[in-house]
Amino acid sequence: VQLQASGGGLVQAGSSLRLSCAASGGTFSSYGMGWFRQAPGKEREFVAAIAWRGGSTNYADSVKGRFTISRDNAKNTVYLQMNSLKPEDTAVYYCAADYRAPVPDSRPWEYDYWGQGTQVTVSS
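Our subject in this report is the structure included herewith. (Residues numbered from 1 in each chain as written. Predicted model: local features only at pLDDT ≥ 70, side-chain atom pairs only at ≥ 80, totals over all residues. Heavy atoms only, no water.)

Remarks on unusual backbone geometry
Quick reminder of the rule: Counting from the N terminus, the helices are DSSP H or I runs at least four residues long and the strands are E runs at least two residues long.
Of note, Ser84 is a non-glycine position whose phi angle comes to about 50°, a positive value. Along the chain, the position of Ser84 falls in the loop between strand S8 (77-82) and strand S9 (91-99). Despite not being glycine, Arg100 shows a phi value in the positive range, around 45°. Relative to the assigned elements, Arg100 resides in the loop between S9 and strand S10 (113-114).

Laid out in C-alpha cells, this is it:
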C-alpha cells in the first residue's frame, strides 16, 4: 500500500486546513487509517484514527473538538479536517494504514504502512 499525504501549508492561528491521504495498491476499505504528527525535536505523536469498518474514531486530547478524521472508501482517501489551528499544531503530518485493526489505534507501531508526510505550519 502506498500512501500520499497532501494539503499542508502555512496558515495563521485560528485558520483551517484539510489534509488528504490517498491510498493505492491495496484494498483501502480493509485498513484502519491514522494521522500522526512530528514536530522538530519531538517524538511522533498520535493525532486521530478511524476504523476500517463501522466508522469509529479516536482523537488525541490535544485536538479533540478541533480536528475531524473521515474517509471516503470510493476515493481511497482519508481526510483530516483541522479547525482553530494553533501554533503548537505545527508539525509534519503523516498518514498511516493499519490492516483490519479492531479499533482505531493510537499506537504507531501497530501501523503497517506510512505516507511521506506533509508540513503544517501555524503562525501566531
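From this point on, the discussion continues.
A closer look at the pairing of strand S7 (residues 67-72)
A regular strand places its side chains so that they alternate between the two faces of the sheet. Worth spelling out the cut-off: The classification of residues rests on relative accessible area computed with a 1.4 Å probe and restricted to protein chains. Under 20% of the type maximum is buried, over 50% is exposed, and intermediate values are partly exposed. Being paired, for any two strands, means DSSP has found at least two bridges between them.
Alternating residues of S7 divide into Phe67, Ile69 and Arg71, all buried, and Thr68, Ser70 and Asp72, none buried. Pairing of S7 with S8 involves six bridges; the strand directions are antiparallel. Counterpart to Ser70 in the pairing with S8 is Tyr79. Once S7 ends, the chain turns through four residues before running back antiparallel as S8, passing Asn76 with a positive phi of about 50°.

Side note on the packing of aromatic side chains
Which entries qualify depends on this criterion: Between 30 and 60 degrees the pair is tilted, below 30 it is stacked and above 60 it is edge-to-face, where a pair is any two Phe, Tyr or Trp rings, Trp via its six-membered ring, whose centres lie within 6.5 Å.
Under the definition given, this model contains six aromatic pairs. When the centroid spacing of 5.2 Å and the interplanar angle of 65° are considered together, the rings of Tyr31 and Tyr99 count as edge-to-face. In this pair, Tyr31 is assigned in strand S4 (residues 31-38) and Tyr99 in strand S9, connecting sequence segments 68 residues apart. Among the residues examined, Tyr31 registers a relative accessible area of 10% and is labelled buried. Looking at Tyr99, the relative accessible area reads 44%, which means it is partly exposed. On the numbers, 5.7 Å between centres and 70° between planes, the contact of Phe36 with Phe46 is edge-to-face. Here Phe46 lies in strand S5 (residues 45-50) and Phe36 lies in strand S4, a separation of ten residues in the sequence. Relative accessible area serves as the criterion here: at 13%, Phe46 is assigned to the buried category. Among the aromatic residues, ring-to-ring pairing joins Phe36, Phe46, Tyr111 and Trp114 into one connected group.

What about the state of the cysteines?
Test applied: In plain terms, two cysteine sulfur atoms within 2.5 Å form what is called a disulfide here.
Under the defined criterion, the tally for this structure stands at one disulfide. Linked covalently through their sulfurs, Cys21 and Cys95 form a disulfide whose S-S length is 2.1 Å. What sets the handedness of the Cys21 and Cys95 disulfide is the S-S torsion sign, and at about 65° it is right-handed. Of this pair, Cys21 sits in strand S3 (residues 17-24) while Cys95 sits in strand S9, and the two are 74 residues apart along the sequence. For Cys95, a relative accessible area of 0% corresponds to the buried category.

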